[in-house]
Amino acid sequence: MSERITTPASRRTAQQTMALVERSIKRRRRAETRFRWYGRLAVFVGIFFVLMLFANIIGKGYSAFRQTYISLQVSYDPQSVDPEGSGTPQSLAQGDYQAVAKAALRKYFPQVEGRSNLKQLYALLSDDAGYALQRRLSDDPTLLGRSERVWVLARDNTDMAMKGRITRRESAEGRPLSDQQLDWIDALKAKDLIRLRFNSGFFTHGDSREPEQAGIWGAVVGSFFTLVITLFLSFPIGVAAAIYLEEFARRNRWTDLIEVNINNLAAVPSIVFGLLGLAVFINIFGLPRSAPLVGGLVLTLMTLPTIIIASRAAIKAVPPSIREAALGIGASPVQVVTHHVLPLAMPGMLTGTIIGMARALGETAPLLMIGMVAFIVNIPGGFTDPATALPVQVYLWADSPERAFVERTSGAIMVLLAFLLVMNGAAVILRQRFERRW
């Protein structure tokens, strides 16, 4: 038996090789460690900026859910609120209720005189104060000739001062409130005649030129009608298209062309669909502008590729053995799809639909192209009434110069994000609960 003879030279070569391998392994480990830290850093930076975004939005928008109100001891003087003296609803509707509110506010400051000073004093009240008193008297005509204490809406600048957004630290030239007005607000605060209360009008009112009267309800209703149209068109059409392409369509150049176009449409900028809706639905078919019907049709075109792709993926996930077993016991291809494939693929289809609807809820550009950017005060009552959508409302308020619209913009964004989180959370829960793993 021969023995291997190791020389000093061979031993050095082996040692050098081992040292080289160890250095290579150390380099790879350092590279892997750096790569892991790069990934952690990227995640940290992403989370950091997202938290900064949320902190900025919440910091500016949480105050929108509270509004300033002023307590007034009003007297429903028949001479002011019932000019005809008949006490009928028609006569009461012609009363000067804003004058009643101004007179009640002036009682707190009897020393204020002069047209300029009184104008500044009355500027603390919102124009909605008179309408609130009118609604109050219309609901209870027995108040005519009597007095009561009511809380009425303050103007947006008064609200900003109560929330600390307008202070004396600002220069008098760039400040919307004078020192005298700030003194009056402090005096009302000292007597507990002015308070911050829950802003229910933000959720129940439509849009307004006056920030303190503006709300999101009109935009929410417009978004609801738009999404209803989108859902009832995109879901059945998208699911039917996915079933046909996966289960019945023959593999040829035409189906390949359709699949390529569907994938490409999923990446088309949303404003292109707005241009298509403007050219086809409005200019050719003559459908009304600013209507949820047109908005729903445009968003249907935009969400169809997403729903089709998700539905096809859900159908592909169904094992072929399910189809073969159903065919083996005599089921027709249509029965195989409707009784076996479709129920098993439905959770994935619904997940894709919810994600597509969440994307449609946050879209602005296509709705701007079809005129849903119009200033709409009334709450839409149907699919063809003029309306706007929640993201478009955010765009409109962000373009307004008043300070109070800044917090309302952020508040509307918070509501929109809440809807999006709920919809995406529903998609995740739906997938985890009903998804089957084969």
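First, a word on what this report is: a plain description of the structure on this page. Just so it is clear, the structure is predicted and the values come from calculations on it, not from any experiment. (Residues numbered from 1 in each chain as written. Predicted model: local features only at pLDDT ≥ 70, side-chain atom pairs only at ≥ 80, totals over all residues. Heavy atoms only, no water.)

Let us look at the sheet that holds strand β3 (residues 194–198). Each strand in a sheet pairs with its neighbour through backbone hydrogen bonds, running either in the same direction (parallel) or in the opposite one (antiparallel). Taking strand neighbours across the sheet as the criterion, the three strands line up as β2-β1-β3 in an open arrangement whose pairing is antiparallel. Taken across any chain shown, the strands that pair with only one partner, and hence form the sheet edges, are β2 (147–153) and β3. Neighbour to neighbour, the strand axes of the sheet diverge by 40° on average, direction disregarded. Pairing geometry for strand β1 (residues 66–75) and β2, over seven bridges, is antiparallel. The residue bridging Gln 73 from the neighbouring strand is Arg 149, located in β2. (Pairing = 2+ DSSP bridges. Helix = DSSP H or I, 4+ residues; strand = E, 2+ residues; numbered from the N terminus. Axes fitted to C-alpha atoms, helices over the stretch in contact; angles between N-to-C directions.)

Moving on, we get to helix α13 (residues 292–316). Over its 25 residues, α13 runs 35 Å from end to end, which matches the ideal 36 Å to within 8%, given 1.5 Å per residue. The largest bend in α13 comes to about 40°, at Thr 303, with the proline Pro 305 one to four residues further on. Along α13, 18 of the 25 residues are buried, which leaves the element largely enclosed by surrounding structure. (Expected span 1.5 Å × (residues − 1). Bend = angle between axes of the 7 residues up to and from the residue. Buried < 20%, exposed > 50% of the residue type's maximum accessible area, 1.4 Å probe, protein only.)

Next up on the list: a nonpolar patch on the surface. Among the surface-exposed residues, Leu 41, Phe 44, Val 45, Phe 48, Phe 49 and Met 52 lie close enough to one another that they form a single nonpolar patch of about 600 Å² accessible area. Summarising the element assignment, Phe 48 is placed in helix α1 (residues 8–61). Accessibility expressed as a relative area gives 40% for Phe 48, which makes it partly exposed. (Patch = residues over 30% accessible without salt bridge, like charges linked within 9 Å, V, L, I, M, F, W, Y side chains within 5 Å. Areas by Shrake-Rupley, 256 points an atom, 1.4 Å probe, with all protein chains shown as cover. Salt bridge = Lys/Arg side-chain N within 4 Å of Asp/Glu carboxyl O.)

For the structure shown, the criterion picks out 18 salt bridges. Note that Asp 128 is salt-bridged to Arg 135, the shortest N-O span being 3.7 Å. Given the relative accessible area of 45%, Arg 135 is considered partly exposed. Glu 246 is the partner of Lys 316 in a salt bridge, and the nearest nitrogen-oxygen pair spans 3.8 Å. With a gap of 70 residues between them, Lys 316 in helix α13 and Glu 246 in helix α10 (residues 217–248) connect regions that are remote in the sequence. A residue is classified by how much of its surface remains accessible, and Glu 246, at 16% relative accessible area, is buried. Three or more residues are tied together by salt bridges with common partners; here these are Glu 246, Arg 251, Glu 259, Arg 312 and Lys 316.

Turning next to helix α12 (residues 270–282). Its 13 residues give α12 an end-to-end C-alpha distance of 17 Å, which sits within 8% of 18 Å, the value for a rise of 1.5 Å per residue. Among the residues making up α12, those that are buried are Ser 270, Phe 273, Gly 274, Gly 277, Phe 281 and Ile 282. In the core, the buried residues of α12 are packed alongside α11 (253–265), α13 and α16 (365–369). (Contact = heavy atoms within 4.5 Å.)

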